[in-house]
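Structural overview for review
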Amino acid sequence: TQMIEALMRAPALAASPSVTADSILEALVQRERVRSTSLGRGLACPHARIAGLHGLGICVALLKTPIDFGPPSHEKARVVFMLLVPMERPTLGVK
């Protein structure tokens, strides 16, 4: 949740008043249920499409306590790259 709190202060989210920390968390959890965002080797890239977001949200964290993002390796992630993109522009984060 600290990553979400940091993202809430980012310009793209500040310009998106309908986006809440709860809506971001829900979107990330829903995405993770579809398929793990674990990349292995201690890396994970949770990402989600967010309705009402007016730009790209990116946050990188080095975790003191690693998190298990599940398969493929169940290796706990220490480095997490979180990416939020507008629902209407899902490819914005890959350009």
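These lines cover the structure that appears in this document, whether it is placed above or below.

Basis of the calculations
Residues numbered from 1 in each chain as written. Predicted model: local features only at pLDDT ≥ 70, side-chain atom pairs only at ≥ 80, totals over all residues. Heavy atoms only, no water. Helix = DSSP H or I, 4+ residues; strand = E, 2+ residues; numbered from the N terminus. Expected span 1.5 Å × (residues − 1). Buried < 20%, exposed > 50% of the residue type's maximum accessible area, 1.4 Å probe, protein only. Arc of directions from axis to C-beta. Contact = heavy atoms within 4.5 Å. Pairing = 2+ DSSP bridges. Disulfide = S-S within 2.5 Å.

Helix length check: helix α3 (residues 21-34), at 14 residues, gives a terminal C-alpha distance of 20 Å against a target of 20 Å (1.5 Å per residue), a fit within 8%. Those residues of α3 lying buried are I24, A27 and L28. Taken down its axis, α3 places every buried residue within 100° of arc, on the same side. Away from its buried face by more than 90 degrees, α3 exposes D22 and R33. Of the surrounding secondary structure, the elements contacted by the buried residues of α3 are α1 (2-8), α2 (11-14), β3 (47-50) and β5 (76-86).

Let us look at the pairing of β5. Successive side chains on a regular strand alternate, one facing one side of the sheet and the next facing the other. Across two bridges, strand β2 (residues 43-44) lies against β5 in parallel orientation. Within β5, the position partnered with A44 by the bridge is V80. In this structure, β3 lies alongside β5, joined through four bridges in parallel fashion. Its bridge partner being in β5, I50 is matched across the sheet by P86. Summarising the sheet, strand β4 (residues 57-68) and β5 pair through eight bridges and their orientation is antiparallel. Bridging across to β5, A61 finds its partner in V80.

What follows concerns the state of the cysteines. Scanning the entire structure with this criterion turns up zero disulfides. No disulfide involves C45; its nearest neighbouring cysteine sulfur is the one of C59, lying 11 Å away.

Keep in mind these numbers describe shape, not what the thing actually does.
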